[in-house]
Amino acid sequence: MQLNEEFSNQVVLPDQLAPIEVQEFEALENKYKLINQIGSAIVLVFALIGFFLFTQISSGNIPITVVIAVPFIFAVLFIGKLAFIILGFPKKGYLLREQDVSYRSGLFIYKLTTIPFNRIQHVEVSQNMIEKSFGLSRVKVFTAGGSVSDLSIPGLLPDKAHQIESFLLSKVSKHE
Amino acid sequence: MSKPDLTKPTRQALRGILVIFVFEVQKRLRVFWPILLLIFAQKKLLPASITIPMAIGIICLLMLVHVILYYLNFYFYIEGNQFIIKKGYLRKIVLSIPLERIQSVNTKQNLLQQLLNVYSLEVDTAGSVGNELKIYSLSGSYTEHLTQFLESHKENTNEEKSESISDTSKEVEIIKLSPADLLRIGISQNHFKTGLIILVFVSQIVDQIKDLFQKETDAYSDSVQNIISNSGILIFTALIIFALAISIFATLLFTVIKYYDFKLVKYQQNYRITAGLFNKRKVLLPFSKVQQLNWETGPIKKMFGIFKISFKQAVSKQVQQKQVIDAPGCLEKHIESIRNEVFKGDLPDYSEKIYSHRRYFNLLWFQRGLFPAALATPLYIIEPLWLIAGTFWLAISAVYCWVMVRKSYFQFNKSQLIVGKGGINTEWQQSEAFKTQSVDFRQTFFQKRRGLASLRVNNASGQIDIPYIQEDIANKLMNYILYHVETSNKKWM
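It should be emphasised that the depicted structure is a prediction, and the values quoted were computed from it without experimental measurement.

Explain the overall build of chain B here, please?
Along its length, chain B carries 15 helices and 20 strands. Buried positions account for 42% of the 493 residues belonging to chain B. In chain B, 58% of the contacts between residues at least 6 apart in sequence involve partners at least 24 apart.

Please explain the overall build of chain A as it appears in this structure.
Broken down by element type, chain A carries five helices and six strands. Per-residue burial for chain A yields a buried fraction of 38% across its 176 residues. By sequence separation, contacts in chain A at least 24 residues apart represent 53% of the contacts at least 6 residues apart. For chain A, the exposed surface amounts to about 10100 Å²; the carbon and sulfur share of it is 63%.

Explanation requested: the confidence of the model for chain B in the structure shown.
Where the model shows low pLDDT, its predicted coordinates should not be examined in detail. Overall, the predicted model of chain B reaches an average pLDDT of 82, with 86% of residues at or above 70. Scored as a whole, the predicted complex attains pTM 0.74, and scored at its interfaces, ipTM 0.83.

Can you walk me through helix 2 (residues 52-72) of chain B in this structure?
For the α-helix, the turn length of 3.6 residues means that residues three or four positions removed from each other point alike. All names here are of chain B. Between its terminal C-alpha atoms helix 2 stretches 30 Å, which fits the 30 Å expected from 21 residues at 1.5 Å a residue. Of the positions making up helix 2, those classed as buried are Ala55, Met63, His66, Val67, Tyr70 and Tyr71. The buried residues of helix 2 occupy an angular sector of 135° when projected down its axis, which confines them to one face. Exposed side of helix 2, more than 90 degrees from the buried face: Pro53, Leu61 and Leu62 are the residues found there. Against helix 1 (17-41) lie the buried residues of helix 2.

Explain the sheet that holds strand 20 (residues 462-470) of chain B here, please?
Pairing between the strands of a sheet comes from backbone hydrogen bonds, and it takes one of two forms, parallel or antiparallel. Read from one edge of the open sheet, six strands run 1(A)-2(A)-3(A)-18(B)-19(B)-20(B), paired in antiparallel fashion. For this open sheet the edge positions go to strand 1 (93-96) of chain A together with strand 20 of chain B, each flanked by a neighbour on one side alone. Mean inter-strand twist for the sheet, computed between neighbouring axes without regard to direction, equals 15°. Pairing analysis gives four bridges linking strand 1 of chain A to strand 2 (residues 100-105) of chain A, with the strands arranged antiparallel. Each residue of the ladder has a partner; that of Leu96 of chain A, found in strand 2 of chain A, is Val101 of chain A. Sitting on the sheet, helix 15 (residues 471-487) of chain B is in contact with strand 2 and strand 3 (109-116) of chain A together with strand 18 (436-444), strand 19 (452-459) and strand 20 of chain B, with an inclination near 165° to strand 18 of chain B.

How should the pattern of salt bridges be read in this particular structure?
Side chains that carry opposite charge are capable of pairing whenever their charged atoms lie near each other. Residues and elements named next belong to chain B. The full count for this structure, using the stated rule, is twelve salt bridges over all chains. Asp181 is the partner of Arg184 in a salt bridge, and the nearest nitrogen-oxygen pair spans 2.7 Å. Of this pair, Arg184 and Asp181 both sit in helix 5 (residues 179-187), three residues apart, which is roughly one turn of that helix. Note that Lys308 and Asp326 form a salt bridge whose closest N and O atoms lie 3.6 Å from each other. Of this pair, Lys308 sits in strand 12 (residues 307-313) while Asp326 sits in strand 13 (residues 324-330); the two residues are 18 residues apart in sequence, bridging distant segments of the chain.

Can you walk me through the packing of aromatic side chains in this structure?
What characterises a pair of aromatic rings is the spacing of the ring centres plus the angle enclosed by the ring planes. Across all of its chains, the model carries 22 aromatic pairs over all chains by this definition. Judged by centre distance (6.3 Å) and plane angle (50°), the ring pair of Phe307 of chain B and Trp428 of chain B falls under tilted. Placement of the pair is Phe307 of chain B in strand 12 and Trp428 of chain B in strand 17 (residues 426-432), with a sequence separation of 121 residues. Relative accessible area serves as the criterion here: at 12%, Phe307 of chain B is assigned to the buried category. Here a set of aromatic residues connected by ring pairs shows up, and it is made of Phe84 and Phe108 of chain A together with Phe445 and Phe446 of chain B.

So what exactly am I meant to see when it comes to the environment of Ile85 of chain A here?
Residue and element names in this part refer to chain A. Secondary-structure assignment places Ile85 in helix 3 (residues 64-88). Among the residues examined, Ile85 registers a relative accessible area of 10% and is labelled buried. Sequence separation between Ile85 and Asn36 is 49 residues; the distance between their C-alpha atoms is 7.1 Å. Non-local contacts of Ile85, meaning those with residues more than four positions away in its chain, are made with Lys33, Asn36, Gln37 and Ser40.

Is there a simple way to explain the pairing of strand 3 (residues 93-98) of chain B in this structure?
Regular strands show a simple pattern: their side chains alternate between the two faces of the sheet. All names here are of chain B. Across six bridges, strand 2 (residues 82-87) lies against strand 3 in antiparallel orientation. Note on strand 3: the bridge partner recorded for Ile84 is Ser96. In sequence, strand 2 turns back onto strand 3 through a hairpin of five residues, with Gly88 there showing a positive phi of about 100°.

Please explain the UniProt feature "transmembrane region" (unreviewed entry) in chain B as it appears in this structure.
As annotated by UniProt and renumbered to match this structure, "transmembrane region" (unreviewed entry) occupies residues 50-72, 233-257 and 387-405 of chain B. Taken end to end, residues 387-405 of chain B has its terminal C-alpha atoms 27 Å apart, with 100% of it in helix and 0% in strand.

What am I meant to see in the sheet that holds strand 5 (residues 137-143) of chain A here?
Residue and element names in this part refer to chain A. If you walk across this open sheet you meet the three strands as 4-5-6, and the pairing is antiparallel. Sheet topology places strand 4 (120-126) and strand 6 (151-156) at the edges, where each strand pairs with a single neighbour. Between one strand axis and the next, the sheet turns by 15° as a mean value, whatever way the strands run. Bridge count between strand 4 and strand 5: six bridges; the pairing is antiparallel. Paired with Val123 across the two strands is Val141, which belongs to strand 5.

Would you mind going over unusual backbone geometry with me for this structure?
Outside of glycine, negative phi angles account for most residues, and trans bonds account for most peptide bonds. All names here are of chain B. Phi is positive for Asn117, which is not a glycine, with a value near 55°. One can find Asn117 in the loop between helix 3 (111-116) and strand 5 (118-125). With a relative accessible area of 41%, Asn117 lands in the partly exposed category.

Please clarify how the UniProt feature "domain: YdbS-like PH" (unreviewed entry) in chain B should be interpreted in this entry.
Residues and elements named next belong to chain B. In this numbering, the UniProt entry assigns the feature "domain: YdbS-like PH" (unreviewed entry) to residues 71-130, 273-314 and 410-481. Note that residues 273-314 is 14% helix and 60% strand, and that its end C-alpha atoms are spaced 17 Å apart. The distance separating the terminal C-alpha atoms of residues 410-481 is 14 Å; by composition the span is 24% helix and 58% strand.

It is not clear to me how a positive patch on the surface should be interpreted in this structure. Could you clarify?
Together, Arg358, Arg359, Arg449 and Arg450 of chain B make up a region of like positive charge exposed at the surface. Within the secondary structure layout, Arg449 of chain B lies in helix 14 (residues 445-450).

Can you help me understand the environment of Leu90 of chain B in this one?
All names here are of chain B. Take Leu90: it is sitting in the loop between strand 2 and strand 3. Since its relative accessible area comes to 79%, Leu90 is described here as exposed. Separated by 90 residues in sequence, Leu90 and Ala180 have C-alpha atoms that sit 53 Å apart.

Can you help me understand empty space enclosed by the protein in this one?
If you roll a probe as big as a water molecule over the atoms, it shows you where there is empty space left. Residue and element names in this part refer to chain B. Applying the stated rule across the entire model yields one cavity of 30 Å³ or more. Estimated volume of the largest cavity: approximately 40 Å³. For the largest cavity, the full set of lining residues is Val105, Thr107, Thr147, Glu151, Arg272, Lys282, Val283 and Leu284. At the level of elements, strand 4 (102-109), helix 4 (140-157) and strand 10 (280-286) are the ones that each hand at least two residues to the lining of the largest cavity. The element that contributes the greatest number of residues to the lining of the largest cavity is strand 10, accounting for three residues.

Reading the values: the criteria
- Residues numbered from 1 in each chain as written.
- Chains lettered and ligands numbered in written order.
- Predicted model: local features only at pLDDT ≥ 70, side-chain atom pairs only at ≥ 80, totals over all residues.
- Heavy atoms only, no water.
- Helix = DSSP H or I, 4+ residues; strand = E, 2+ residues; numbered from the N terminus.
- Buried < 20%, exposed > 50% of the residue type's maximum accessible area, 1.4 Å probe, protein only.
- Contact = heavy atoms within 4.5 Å.
- Areas by Shrake-Rupley, 256 points an atom, 1.4 Å probe, with all protein chains shown as cover.
- pLDDT = per-residue confidence, 0-100.
- Expected span 1.5 Å × (residues − 1).
- Arc of directions from axis to C-beta.
- Pairing = 2+ DSSP bridges.
- Axes fitted to C-alpha atoms, helices over the stretch in contact; angles between N-to-C directions.
- Salt bridge = Lys/Arg side-chain N within 4 Å of Asp/Glu carboxyl O.
- Phe/Tyr/Trp six-rings, centres within 6.5 Å; stacked < 30°, edge-to-face > 60°.
- UniProt positions renumbered as here; feature names shortened; annotations may be inferred.
- Patch = residues over 30% accessible without salt bridge, like charges linked within 9 Å, V, L, I, M, F, W, Y side chains within 5 Å.
- Lys, Arg positive; Asp, Glu negative; His and termini not counted.
- Charge placed at Lys NZ, Arg CZ, Asp CG, Glu CD.
- 1 Å grid on protein atoms, 1.4 Å probe; cavity = no way out; pocket = protein on both sides within 12 Å on 5 of 7 lines; lining within 4 Å.
- Points joined across faces, edges and corners; volume = space filled by probe spheres on them.

Dropping the structure here:
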C-alpha cells in the first residue's frame, strides 16, 4: 500500500525522521517493578481482609466451597498479575530525542506515546507514597487539551527525574 | 445614539438589576440548597417566632441588599491595553486582563434579559479565571461597542501580517436558517435519543402519580389491561406511532428553541454564530482557534442534502468540558467553503483513501455484539426463548459492525488529516498536522500477529483515531506527523 507522493518522499528528509520504533529505549529502575508487585500485594491483602469480614458478617450462610474458592481465585489473579508485571516490565521505557519525548509500555497492548517538545505545556516531578518510601520519582509531561494526550514516565531515580525535567524545560523555553 | 466612553469606569445597566438579582439568587441556591431544604423540612430548626414566609422574606431582603451593594461597587473600563473589572464591597477585587490575552468575547441573552433589553458578556481568556469575567447586565449599545473594541483590538495585536485585512472588513453571511430549514433539521435529528429521554421522564412521572393516586390508578390499570389484552397488536402499533409522533414533535421543539434565527457570519478571520429563542447565544470563533472540524450526515439528513458541522476548540484544563460549537443544516457547498477557509484550501480530498483492515471487525463485533450477548447469559438459562433475541442481536450487530468497518478510512496529504467513520450516520474529522499535541501508537497482541496497528492523533480539542491500519503505514504516518509538528513554527492556537 502506498500513501501519496509527498509522503513517500520522506526518505530524503533530515534525521528528525529517524524511525522511533528501532531506537533503544531507556529502561526504568528495577525498583519500580518491586513497587508494582508490592502495590498488587497490598490490593490482595485488602481483598482478603474484605472477604474475611464479609464471611464473618454473614455468619455461616456462605457455602464452604465459596469460602475456599474465592481466596483461591484471588491468589490466582495475584500470581497472574505478578507474572504480568514481571513480563511487562522490560517493555516499559522512555526515549528522549532531539525533538521529542516518548514513553512505551504494554505486554498485550503495546502503546507508544510521543510528545514533541514544542507542544509541552509544563513538566512536573512527582512521587506518591510508595514511590517516596522507595526513593523513586516520576516525570509527568502535560500538553494542551485534557489528560488523553499526557505522558508520565515512572520509575526514575530522583536525580535522573530532575535532570529530565530540566532538560525538557530548557527545550520548552527554547520554543517559546 | 451617542458612543459610550469605554475608558470611563461604568456600572452595569440599572434596569438589569433584576437580572443580577436572579443570577445571584441562583448562585446562592446552587450552594446552599441542602441547608435550605433541611431548614424547611425540619421546621423546628427555625426559631419559634419565625415562620417560613418570614424566613423567605428575610432571605430575599438580605439578597436584595447584597445585590444593590454588589451593583454599586461593580465597575468596568478600559485603561491602556487592559480591560479592568472592579468589584466587591467587603472584599474588593480588581481584575485586569491584557487585551491581547482575550481569546473571545461572547454575549448571551436569556428571556428576562430580552425583556429588559440587556446582555450578558463573557470574556474568555486562555488562562483560568473563567467565571470571574462575566458581566450580567449590559445595555445593548454598550455591549456592541465593547465587543467591537475588544475584538478589533485582538485583531491588531494578533499579528497576521501576511493576511491582507483591506478587503475583509465586511461581514459575510454564510448560513442563515429559515423556519423551513429548522423543520428539516428537526425531522432529521436522532429521534430515538429524544424518545428514550421522554420515555424515562414519563415513566418517572407515572411512578410519582401512581404513588399519589394508588386507588384510582389501580382501577385504571385494570381497565387498561383489559383493553390491551382485547385489542392486542392494534393498540401496540398505535402506541408506537404515538410515541414516535411525540418524540418527533419534541425534537422539533428542541431544535427550534436551540437554533432559532441561526446565523453563521464570516467576519475577517473569524466566524460568528448567533442563535437561540429563549437563550440568545452569540459566539465568536477565530479560524486559528479551530483545532478540529467534524461534519456528519445521516440517512434522513442525506435525503435533504444537509450536514451538521462542529467546530472543536481547545479545551482548557480548568473548564474540562469540550467546547464544541455546531452549525446544523449546512449544505455541501457550505461544508466546502468552511473547510477551505479554516484549512486554507489545503484539503487532502484527492489523496488515496486508506481503509481500516477487515480485522477491525473482530474488535467492533466483540465490543458491540459478543460481549453484550454474553452478559445476558443468565437470561438464557432462566428463559431459553431469550436465545432467539440473543442470536438476533448477534446478527444485527454483525451487520452494523461490518458497515462501520467499510466506512472507516483515513486520507493524508502533506499537512492535513481526514478520518472517515460511522455506522448509520457518516462522520468525518479533519485536523491540521501541525496542531497535533501528541501521537499514540497502539498495537494489541492480535494486531501484532497480523502486522496491524492503530494510531491516535491527539490535538488540543480531543483526538482522532485511525484504527487497524498496516503497521508500517502507521509508523510512517506517526513519524511524518511528528516531523511536521517539530518543524512547524506556526501558532497552533
